[in-house]
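# Overview (structure and organization)
Here are the chains, one letter per residue:
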Amino acid sequence: MSKRVVVVGGGIAGLAAFRQLQLQQPDIEVVLLEASPHLGGKIKTTNFLGQPIDEGADAFITRVPWATELCEQLGLNSFLVSPATSNAYVLVDGILRKLPKGLVLGVPTKLLPLLRSRVVSPFAAIRAGLDRFLPDDWPGDDESVGSLIRRRMGDQIAERLVDPLVGSINAGDTDHLDAALAAPQLETASRRHRSLVTGLKEQSKNSTDSLSPVFLGFELGMRQLVDTLVSSLREADIRTNTLVTDITKNPDNLVVRTQQTSIECDAAILATPAHQAALLLASCPAAADRLSSIEHASVAMVTMGFRQADVGHPLDGSGMLIPRREGLLTTAVSWGSSKWPHWANTGHAILRVSAGRAGDTRALALEDDELVEALLTEVTNILDIDGDLLEWRVSRWIDAFPQYAPGHDRLVAAIERDLRSEMGGLFLAGAGYKGIGIPACINQGNQSAEATLDYLKTL
Ligand SMILES: Cc1cc2nc3c(=O)[nH]c(=O)nc-3n(C[C@H](O)[C@H](O)[C@H](O)COP(=O)(O)OP(=O)(O)OC[C@H]3O[C@@H](n4cnc5c(N)ncnc54)[C@H](O)[C@@H]3O)c2cc1C
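What counts as what
Residues numbered from 1 in each chain as written. Predicted model: local features only at pLDDT ≥ 70, side-chain atom pairs only at ≥ 80, totals over all residues. Heavy atoms only, no water. Phe/Tyr/Trp six-rings, centres within 6.5 Å; stacked < 30°, edge-to-face > 60°. Helix = DSSP H or I, 4+ residues; strand = E, 2+ residues; numbered from the N terminus. Buried < 20%, exposed > 50% of the residue type's maximum accessible area, 1.4 Å probe, protein only. Pairing = 2+ DSSP bridges. Axes fitted to C-alpha atoms, helices over the stretch in contact; angles between N-to-C directions. Contact = heavy atoms within 4.5 Å. 1 Å grid on protein atoms, 1.4 Å probe; cavity = no way out; pocket = protein on both sides within 12 Å on 5 of 7 lines; lining within 4 Å. Points joined across faces, edges and corners; volume = space filled by probe spheres on them. Nonpolar A, V, L, I, M, F, W, Y, C, P; charged D, E, K, R; others polar. Domains from an automatic or database assignment. Buried area = accessible area lost by both parts, 1.4 Å probe. Arc of directions from axis to C-beta. Parallel < 35°, antiparallel > 145°, perpendicular 65-115°, else oblique. Left-handed = near helix turned anticlockwise from the far one by under 90°. Patch = residues over 30% accessible without salt bridge, like charges linked within 9 Å, V, L, I, M, F, W, Y side chains within 5 Å. Areas by Shrake-Rupley, 256 points an atom, 1.4 Å probe, with all protein chains shown as cover. Salt bridge = Lys/Arg side-chain N within 4 Å of Asp/Glu carboxyl O. Lys, Arg positive; Asp, Glu negative; His and termini not counted. Charge placed at Lys NZ, Arg CZ, Asp CG, Glu CD. Near = heavy atom within 4 Å. Polar contact = N/O pair within 3.5 Å; in protein donor to acceptor, adjacent residues only side chain to side chain.

### A few points about the packing of aromatic side chains
- In the structure shown here, the tally under the stated rule is 3 aromatic pairs.
- Judged by centre distance (5.4 Å) and plane angle (35°), the rings of Tyr89 and Trp335 are tilted. One end of the pair, Tyr89, is in strand β7 (residues 89-92); the other, Trp335, is in strand β19 (residues 330-335), and 246 residues separate them in sequence.
- Taken together, a centroid distance of 6.1 Å and an interplanar angle of 70° make the contact between Phe427 and Tyr455 edge-to-face. Placement of the pair is Phe427 in strand β22 (residues 426-428) and Tyr455 in helix α16 (residues 438-457), with a sequence separation of 28 residues. One exposure class covers both Phe427 and Tyr455, and it is buried.

And the structure:
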């Protein structure tokens, strides 16, 4: 009898799991159930001013291998593009300042460029330099990113550089994000060396990839990854518009219930966001409680198009970050038409303006037109725009960013233990657990497929 595996959730983690199951074991039956009409989850590309432009993720990091490997396997390498510039700006007391050279996740490794940038006060720059002389004060595991930076480099570096940068990746508050999970590069450097900057410099000396692009995207948007992955699957039983409502365990199998039917299977992979996974596990309350304790932040992304000539500030960078202390609704603006070389010749300045992060839910309370107006006023002031907004689009990402609080890895280990003992054959994958970036989600999809196949061998 061939075995049946159900994958719940058709985001990148679920799709990677599906592909891996098919590749490793062609004779098992795999069914993918996706609640929405589309595959890809938070990867969504639609047309804007005649150009395919991402509403969510627009690039992936290459410093971990899983997305680049998948692109290679899918024959996508010739479609990859890297950002045209690595310059970026940060708003400080209402003035845009270029980020200094030598930053690693916002941590300045060079004192002179930091001083010259005027992003922090001269006193704060000297305080940051003290990192090289201060005694080792590592407090042990479970430190937050904010605490690590504040103790080594001072508050201004934490609030004006690291929080805007690391926080914008997670829509998080770095004072509440686990350093080992949200900024592993910083955490490792700080754990291994007395000085954070010395640790980061050691890491870069040992790194072989400093010349290759750090980020890659696709000419046709991230959708190209999803579409190519899906078309590589053989005779795939993929059911969209299929909301899973419940998963239970029988002595011999699992039962996955949807609004229309129920499917018995030997194993299943739950690749939905953690808060949605919690809703499906009423029969395993311990795991459900732990899953629902993972906090999530919401973001609204407003894409705006202007005539290039109407933007007064030179868009000579990939975008700008807005620290919390500026008190604005805008949290970051990606200057898409400067960031991506293939958008440059459209004659338009295309900006992706973000609002909302952990602890700031103001954007959620605004209707679309109110939100656009508020963000437009802020962006117009900062970038000295004098001309009409040609087109806009609002993309809302509700509860989209899991917040990895200190100790998150132990919480995930406990959930996995709960599932092993109460729901044997059910595995987790996706942004809620072991990394929120696209490469980490692909890796988790692959790993959950491996774990599933190992489990099937025991039956
Ligand atoms: C605005 C934004 C920008 C981002 N930018 C980047 C970036 O530039 N680079 C990067 O690497 N990452 C980025 N990310 C993060 C990254 O896109 C996500 O973490 C990742 O795509 C999540 O993939 P996933 O498969 O875990 O989950 P999802 O994409 O959330 O997929 C889960 C799927 O499960 C489905 N589902 C949920 N409940 C059920 C149910 N009961 N039954 C059936 N199906 C269900 C959902 O409909 C969804 O399709 C960004 C995220 C956002 C929101």
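Once you've had a look at it, read on.
### Some remarks on the sheet that holds strand β18 (residues 319-321)
- Across the sheet, which stays open at both edges, the 7 strands sit in the order β8-β7-β18-β19-β20-β17-β21 with mixed pairing between neighbours. Each edge of the open sheet is held by one strand with a lone partner, namely β8 (95-98) and β21 (391-402). Strand-to-strand, the axes of this sheet are offset by a mean angle of 25°, without reference to chain direction.
- Its contacts with the sheet put helix α6 (residues 155-170) on β7, β18 and β21, and the angle it makes with β18 is roughly 110°.

### Digging into empty space enclosed by the protein
- Inspection of every chain in the model, using the stated rule, returns 2 cavities of 30 Å³ or more.
- There is about 50 Å³ of room inside the largest cavity.
- As for the largest cavity, its lining consists of Pro52, Asp54, Asp58, Gly217, Phe218, Glu219, Gly221, Met222, Trp340, His342 and Trp343.
- For the lining of the largest cavity, the secondary-structure elements that each account for two or more residues are β4 (51-54) and β11 (215-218).
- The residue inventory of the lining of the largest cavity, partitioned by class, reads 5 nonpolar, 3 polar and 3 charged.
- One number sums up the size of the second largest cavity: a volume of about 40 Å³.
- Of all the secondary structure elements, the ones that give two or more residues to the lining of the second largest cavity are β17 (296-307) and β21.
- Broken down by element, the lining of the second largest cavity gets its largest block of residues, 3 residues, from β17.

### A few points about helix α8 (residues 184-192)
- Here α8 has its buried residues at Leu186, Glu187, Thr188, Ala189 and Ser190.
- Buried residues in α8 make contact with β9 (103-104), β10 (107-108), α5 (145-153), α7 (179-182) and α9 (196-206).

### Digging into the domain arrangement of the protein
- For the protein, the domain assignment lists domain 1 (4-42 + 220-294 + 404-457), domain 2 (102-205) and domain 3 (296-402).
- The centre of domain 2, based on its C-alpha atoms, is set 27 Å off from the matching centre of domain 3.
- Contact residues are listed per partner, giving 11 residues for domain 2 and 10 residues for domain 3.
- When domain 2 packs against domain 3, close to 860 Å² is buried across both sides, 60% of that on carbon and sulfur atoms.

### Quick look at helix α4 (residues 122-129)
- Restricting attention to buried positions, one finds in α4 the residues Ala124, Ala125, Ala128 and Gly129. Looking down the long axis of α4, one finds its buried residues gathered within 150° of arc, a one-sided arrangement. Of the exposed residues in α4, those oriented more than 90 degrees away from the buried face are Phe123 and Ile126.
- Structurally, α4 contributes buried residues whose contacts are with α3 (111-117), α5 and α6.

### Here's the deal with the packing of helix α2 (residues 66-73) against α16
- Packing of α2 against α16 leaves a shortest axis separation of 7 Å and a crossing angle of 70°. Taken together, the axis directions place α2 and α16 in an arrangement best described as roughly perpendicular. Within the contact between the two elements, α2 uses Trp66, Ala67 and Leu70 and α16 uses Pro439, Ala440, Ile442 and Asn443.
- A class-by-class count of the residues in the contact of α2 with α16 yields 6 nonpolar, 1 polar and no charged.

### A word on the packing of α8 against α9
- Running from amino to carboxyl end, α8 crosses α9 at an angle of 110°, the nearest separation of the two axes being 8 Å. The orientation of α8 relative to α9 falls into the category roughly perpendicular. Seen from above, α8 lies across α9 with right-handed handedness. Of the residues in α9, those in contact with Gln185, Leu186, Thr188, Ala189 and Ser190 of α8 are Leu196, Gly199, Leu200 and Gln203.

### Quick notes on a negative patch on the surface
- On the surface, a cluster of negative charge is contributed by Glu367, Asp369, Glu370 and Glu373.
- If you trace the backbone, Glu373 turns up in helix α14 (residues 368-383).
- By relative accessible area, Glu373 is classed as exposed at 56%.

### Here we look at the layout of surface pockets
- Taken as a whole, the second largest pocket spans an internal volume of roughly 210 Å³.
- Taken together, 14 residues line the second largest pocket, and the ones lying closest to its centre are His176, Ile294, Glu295, Gln403 and Ala405.

### Quick notes on the site of the ligand
- The immediate surroundings of the ligand are formed by 35 residues, with Glu34, Lys42, Ala59, Ile436 and Ile438 found nearest.
- For the ligand, a nitrogen atom lies 3.0 Å from a polar atom in the backbone of Ala35.
- Counting only elements with at least two residues in the shell around the ligand, the list comes to α1 (12-24), β21 and α16.
- Of the residues belonging to the shell around the ligand, the class tally is 21 nonpolar, 11 polar and 3 charged.

### Considerations on the pattern of salt bridges
- Applying the stated criterion across every chain, the model contains 27 salt bridges.
- For Arg150, the salt bridge is made with Asp155, and the minimal N-O distance between the two is 3.2 Å.
- A relative accessible area of 24% places Arg150 in the partly exposed class.
- Using a relative accessible area of 42% as the deciding quantity, one classes Asp155 as partly exposed.

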